[in-house]
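# Examining the three-dimensional arrangement
Listed here are the chains, written in short residue letters.
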Amino acid sequence: MKKGRWGRLVTCSRLAIGLFLAFETTLIAAPRRIVLLEVDGLNQDLLESAMKRIDPATGKSQLPWLSHIFGENGTVFENFYTRGISLSAPSWALLVTGEHSVIRGNVEYDRYTGQVYDYLNFFPFYLGYARQKRVDMPGVEVLDRAGIPLLMDRFPPAETLQSFQLFQRGVRWGTLKDALARRFSAESIVSMVESGDAPSYDSVLAKATEADLERGLENPEIFYLDFFTGDLDHEAHATSDPQALVSVLRGVDALAGRLWHAIQQSSLSRETLFVMVSDHGMNNTPGVISQTFSLPDLLNSPPGGSHHVVTNRHQMSDFKLKGLDPMVRRVISPSATSFYLADQASRYPTAWLDIDGNERAAVHLRNNDLNKLHILLLALQRADLDARTRRAAAVAVREIIERHRAAWSTTISDMTAELDLPSKPPAAGDLRQRQELSDREAERSAYHGYLAHLEALLRFQPDEQHPLKEKIASLIPEMSLGDNNSAADLEHYVVGPAAAGLAVDAAGRLDEERSFRFVDYPALLVKQRVRNVPQRALDSRPVDFVAMRLPDQAEEHVYELYGDADRRLLIRTDAANRIALAPARGGWRSGLPLHLFEDPRLDLPAGTDRAGWLSAWHNEREWLEATHRCRYSDGVIGIVEDLSPVENNVPGRPGIAPVALRYEKRRRALVQADFHVFAADHWNFNVRFPNPGGNHGSFLRISTHSVWMMAGAGLPARRIVEPYDSLNFAPTLLHLLGRPAPAGRVVSLSLNSQ
Amino acid sequence: MHALARILGVLVVCSMGMAAELDAPWPQTPIVHENRPPAYYWKAEPAGKSAQLLTLFCGSCGAASDTPGGLPLLAVLRDTLGDENGGNDRVTYVWLLSYSRPTLGQRLLSAVPFFYWHVGQGSSNVGKRDIKPFFNLRAPRHPVLTQVGRDILQYTTLDPMMMPVRATSRAYRTNQLNHERLHLEEAISYLRQAPSSNARSELSSVEVNTVIARLELRKKLLGGLVSERHATKFGEESGFEQERNRSRNWELLRNSAERTGLVFEPVALGGTTDQYAVLWLSAGPTGGQTERSSVDLSSTWKLLGIKDPWREANRTGQDRIPLAIYSLNYPNQPLLLVDFRDKSRTRRHELTQRTINEVTSGIIGISHFANWYYYVAADLYDFVASRHGRAMNQAERLDCYSQFRVSLALDRDLDPQLRKELQQRVSSLSLNPLETATAHELESSRRRYSLLEAEAQRPDGWLAQRLDNERRAELASIGRTGKSKFFAGALHAASLGFYTRRAPRAEGNLAKLDSYRRMEYDLNFLEGLVNAGTPPEIVYQPARIQAAVTELTSLLPGVSSGPTRARAQRTLYSLRDLSQDVSLRADCSFALASMERPFGGTHVAAAAAEIVSEDRP
């Protein structure tokens, strides 16, 4: 009896302990801390193939740590895509905010003032930071002004540890100093002799940052940590050699292993979510060299309009002393054949390019009517102009101004109101606020300068009988493009006076068709052919298509993808954000831009009429599911994300006054390009130096297919095949961390305990 | 003094004149009839009972196409210790079979300042001296010490002497270094084409990378000091770097051709692909150059290194005019090798730079130490010039030249007439009296190979003797500290190679060496895992790690060297701490126990069992 009672007690105790242990093993603490490994330019397919391949020397995966952490024990998104343009600055902006894009290029230009937003150049930021002039990288400043917080902003600053990256808040001088000390340490010198090569500053900086991160992991008060690496992006641009790429990936793998090991050693190991993400893919194909097509050369040339061209970097910068200038942000390539602006390149560059995008270029052209005015004013300046032509030109000037009077007057009144809003004085010692105030002052002055020119134009009464007395510079703003061009303008764009000069018709009016030289830019670009194409994998046509926004129709936004005169595709979006496609002419057929109609990977229910489905309205989810395996993956959504009115994506800071919000929206709207040029497969537009490896920027699946993998904190081993894009990333992380996240963007993931 | 100056002047003028003489009408023939990569393969044969001679052949190269059996290019000796275990193998020697030792006459001429020709074909006799290894991979430090010693001798003793001594010694030394570099690059070129596998009949990719790295590092003053561990990585990285350069230059040249209205054509030469390219001028009054005048192309022409052909009137009646051939291997930009319109251009460039160097350091005696500002200014000039598209790195140019001459000699797809002409151009680039014609060198490679093959068969021959010496030197270095090894190296250099510290001849040397090498192999492997700082079983199959630990355990009792035992102990401790694999931890514990209580048998087993039980959860 005694024994039986004792036995029951033991059994009960065992049961209790068993239950406790069972509960303990399933009771996984909710994620509290996040460690982000941000890898620039890593394509999911490249990663996946390397993870699957067994290294005969080790008997394990070529990337053993990534396979172990994520492949075997984590959640892998097999179909994760860059939303919008597959470029670093816009892609990271989407990832680290989880909000629709307000940054749409690696460099952006304010059309009114010429201000350059160079998101990739670190040097001016570091210098500005050292001089207490800058606090954040330009991308962060733009997001702050737009009222869009970063993922790390959801944590108090003391709880975060951020590495060096594009969207960086502040500079950790300690890490830089540590890296410098490492670079010139005795250990480094010994290592140099031992290894035959000096370690680069980048590599020692990465080591110093990693050491920082490991220290941060030991601190239970830090809940947000990230590590950014651009090594793979650099290598993949330089070569498509698979061995070289895997060699860099092995470095990333070892880093992931060290971070994972450090996480496991830390006190918050069970509450830490380890995430690896990449911003975009990369068009690396073994054995294929990516070829460059020079848009600046084309735009400099007479067929291209003989523009003076602005870029943010020097062309062939390795072969110029000026190419060493780390502070460079605007470079003007003058045209020697300018039709009417000879020797005025520094004042009137008329084509501004963002070609940092490699497979895509954003092109800003000066407003067509400003060109006409400029040409007519130059003619009116001439004393030898015959009276009839002078009168016709003066009338034409007046008519152009009248056409714009209403719009320019509204711009003047609205912007004046916006610029005259009093600025809040910065809090004492708040460098960020002080910087913003200083930026606002500079903007105010620049915008007022532009508005003054508009006012002068509105006041201007051209003399029909005498040569122009006013200075053209007082009427036509310098280093300014004015308002965006319409699609019709771009197809009939004035690049100079006609060879025979201004022409007057029988009625005494200016005959515009005979007075000006015109260029049809979409047609010009797609008809370009390259002579030197020694590789069979490449087409001699370097341009795939041109994308531009058309005027809205009722409540619909319309975007055009121009393949050539017969291959034009329209993308429409309605007020409910649904999307529909339609060929601009004729019915659905092969060869239209994006090639969806003929793509065998277009995933539609069996028996569905392709043409009917493509022309019908569908929501984004339906489009993504149907197209993500296609050659152009999420191109339809990407075009909408990239060309939709950017101002609609600016929420403004909480409590912002309506006029101030309108100003912030306007500032973003002013950096939108006239049109985007997309390179054909294995072509790129990077004229700074050759990128013979892979490139990105297009909607080709290889360029958009990105990486998102998570492990730890109770996330089960799982492969998710449903497609998602950048907009899902930050909201899902916030949700997992138990923080508020925008509804509709969270990927539902259950933890082991749930 | 005046007479000497006059002679020097005459020599320089003659060089220039000879360069100009090479001008000839533009060739009209197509560059390549057919591009077919030649097959490179290894042939393995035993060298005595405990080594292997591996020879790299080119099956369809140059002269080889006429005779069966392929052309032997390069051989390596793999010291296997007579077993099939790859862990104790060492690649010991490299022979460049096409390498001819300079004759006395060539050596004398190479000491004449401003003498920039190679005279004659070099020696046609191939004797035993010609099968001396080109490079000893087991003693990479020896050339470092020798070179440093020679540099010191030059700076401290020869430079302060009268001008003729300084000038001749410097001329001789420059020619000698260039000659060595030329052949180092030749050997590297062959190895880059070599197949690799883990089969015993070929070199493994790790071995190929290590050999390439050692040869590459030989070009650097302190390259021989690079550790074995880093050498393989260096070899792999240098391959990636070359690939990056090639792709970049390929596109740079194509794009420059596009901008200037020329035609770009990559050329496969001697089994290489994408290493060379030709620019053509296409037909018609403007050819492809339409509407390009809006862009300033001066920097592009500078980069191409040729004159703008569109400005020349005389180009009618020809469909396609070849302008130039470029090497795509030069770092940063394509290197002009042959300018078909100005055939002395490249030679003039080489000659000018070499003459300036000889005048400043040999004649005037400008010193790196006393006149450092001159060299700072010269470096600054080079930097600025290279930023403007000029190829200023003489050593890298020499490498490209070496690759080109070899590719050309091995090629058989090129139009024969054109090949001959190109060979003449390449030959004109040679400024070194020590050099001999590539075709001549390749012709005698077969004879060198026969001699080497015969030598390898002799059990008590010179090669066997030499290998035994190497092994004894290796045995003598076991357990030595870095300082001690350095001192031994210095003694070797100081005695001009006559003295080398070696273990005495003994019966058990081979077994001892086998144990040592296997232990080194295991230790290096385990150290690599430990240095990663993460659980090793994730990166390697635990069975593979356990096998290394087990082997180490069995070998350690025979090790008396304190530093080696300490190293092994450190590694095993770290491995045990890092691993989360229970049986691997147990193996480490067992190994440590056997080290700490070296009284063997049951005691060790008991102690290990104790530790193992502590490890088990």
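Residues numbered from 1 in each chain as written. Chains lettered and ligands numbered in written order. Predicted model: local features only at pLDDT ≥ 70, side-chain atom pairs only at ≥ 80, totals over all residues. Heavy atoms only, no water.

Moving on to the pattern of salt bridges. When charged atoms on two side chains of opposite charge get close, those side chains can pair. According to the stated counting rule, one finds 96 salt bridges over all chains in the structure shown. Ionic pairing is found between R509 of chain A and E399 of chain A, a salt bridge with its closest N-O pair at 2.9 Å. With R509 of chain A in the loop between strand 16 (493–497) and helix 18 (512–515) and E399 of chain A in helix 14 (residues 387–419), this residue pair connects regions lying 110 residues apart in the sequence. Since its relative accessible area comes to 40%, R509 of chain A is described here as partly exposed. D308 of chain B is the salt-bridge partner of R311 of chain B, the closest N and O atoms lying 3.6 Å from each other. Using a relative accessible area of 17% as the deciding quantity, one classes D308 of chain B as buried. (Salt bridge = Lys/Arg side-chain N within 4 Å of Asp/Glu carboxyl O. Helix = DSSP H or I, 4+ residues; strand = E, 2+ residues; numbered from the N terminus. Buried < 20%, exposed > 50% of the residue type's maximum accessible area, 1.4 Å probe, protein only.)

Quite often, the size of an interface is put as the accessible area lost when its parts meet. Of the residues lining the interface, 52 residues belong to chain A; the matching set on chain B comes to 54 residues. For the pair chain A and chain B, the summed buried area comes to about 4,500 Å², and 58% of that belongs to carbon and sulfur atoms. Contact with chain B buries area across many residues of chain A, yet F319, R531 and N532 of chain A alone supply 16% of it, more than any other trio. Taken together, chain A and chain B are joined by three salt bridges. Measuring nitrogen to oxygen at the nearest pair gives 2.5 Å for the salt bridge that ties E235 of chain A to R244 of chain B. Between the two partners, chain A and chain B, sit 17 residue pairs in polar contact (both at pLDDT 80 or more). (Contact = heavy atoms within 4.5 Å. Buried area = accessible area lost by both parts, 1.4 Å probe. Polar contact = N/O pair within 3.5 Å; in protein donor to acceptor, adjacent residues only side chain to side chain.)

All names here are of chain B. Of all nine residues in strand 3 (residues 71–79), nine are buried; the element is thus mostly enclosed. When strand 2 (residues 51–58) meets strand 3, the two strands line up antiparallel, connected through eight bridges. In the strand pairing of strand 3, A51 is matched with D79. Looking at chain direction, strand 3 and strand 4 (residues 90–96) are connected through six bridges and run antiparallel. From the neighbouring strand, D79 faces strand 4, where its bridge partner is R90. (Pairing = 2+ DSSP bridges.)

So, about the sheet that holds strand 9 (residues 335–339) of chain B. All names here are of chain B. Ordered by their spatial adjacency, four strands build an open sheet running 6-7-8-9, and the pairing between neighbours is antiparallel. Looking at which strands have only one partner, the edges of the open sheet turn out to be strand 6 (263–269) and strand 9. Each strand of the sheet is rotated relative to its neighbour by a mean of 35°, with strand direction disregarded. Sheet analysis places strand 6 next to strand 7 (residues 272–281), joined by six bridges and oriented antiparallel. The residue of strand 7 that forms the bridge with V263 is W280. (Axes fitted to C-alpha atoms, helices over the stretch in contact; angles between N-to-C directions.)

Our focus in this paragraph is the confidence of the model for chain B. Residues and elements named next belong to chain B. Of the residues in chain B, 87% have a pLDDT of 70 or more, and the chain-wide mean is 85. Contacts of residues 599–617 to residues separated by more than four positions or lying in other chains number 21 contacts, the stretch itself having pLDDT below 50. Two numbers describe this predicted complex: its pTM, 0.91, and its ipTM, 0.92. (pLDDT = per-residue confidence, 0-100.)

Moving on: the environment of D212 of chain A. All names here are of chain A. Assignment of secondary structure puts D212 in helix 9 (residues 201–218). Put simply, D212 and D544 are 332 residues apart on the chain and 45 Å apart in space, counted from C-alpha to C-alpha. Residue contacts for D212: discarding those within four places in its chain leaves L161, R172 and T175. Among the polar contacts listed, one links the side chain of D212 to the side chain of T175, at a separation of 2.5 Å.

The next thing to look at is the sheet that holds strand 9 (residues 224–229) of chain A. All names here are of chain A. Pairing is mixed across the open sheet formed by seven strands, whose spatial order is 8-9-1-10-25-4-26. Edge positions in the sheet fall to strand 8 (160–161) and strand 26 (718–720), since each has one partner strand and no second. Examined bridge by bridge, strand 8 and strand 9 share two bridges and lie parallel to one another. The partner of L161 across the bridge, within strand 9, is L225. The sheet contacts of helix 11 (residues 242–265) involve strand 1 (33–39), strand 9, strand 10 (272–278) and strand 25 (708–711), and relative to strand 1 the element is tilted by about 175°.

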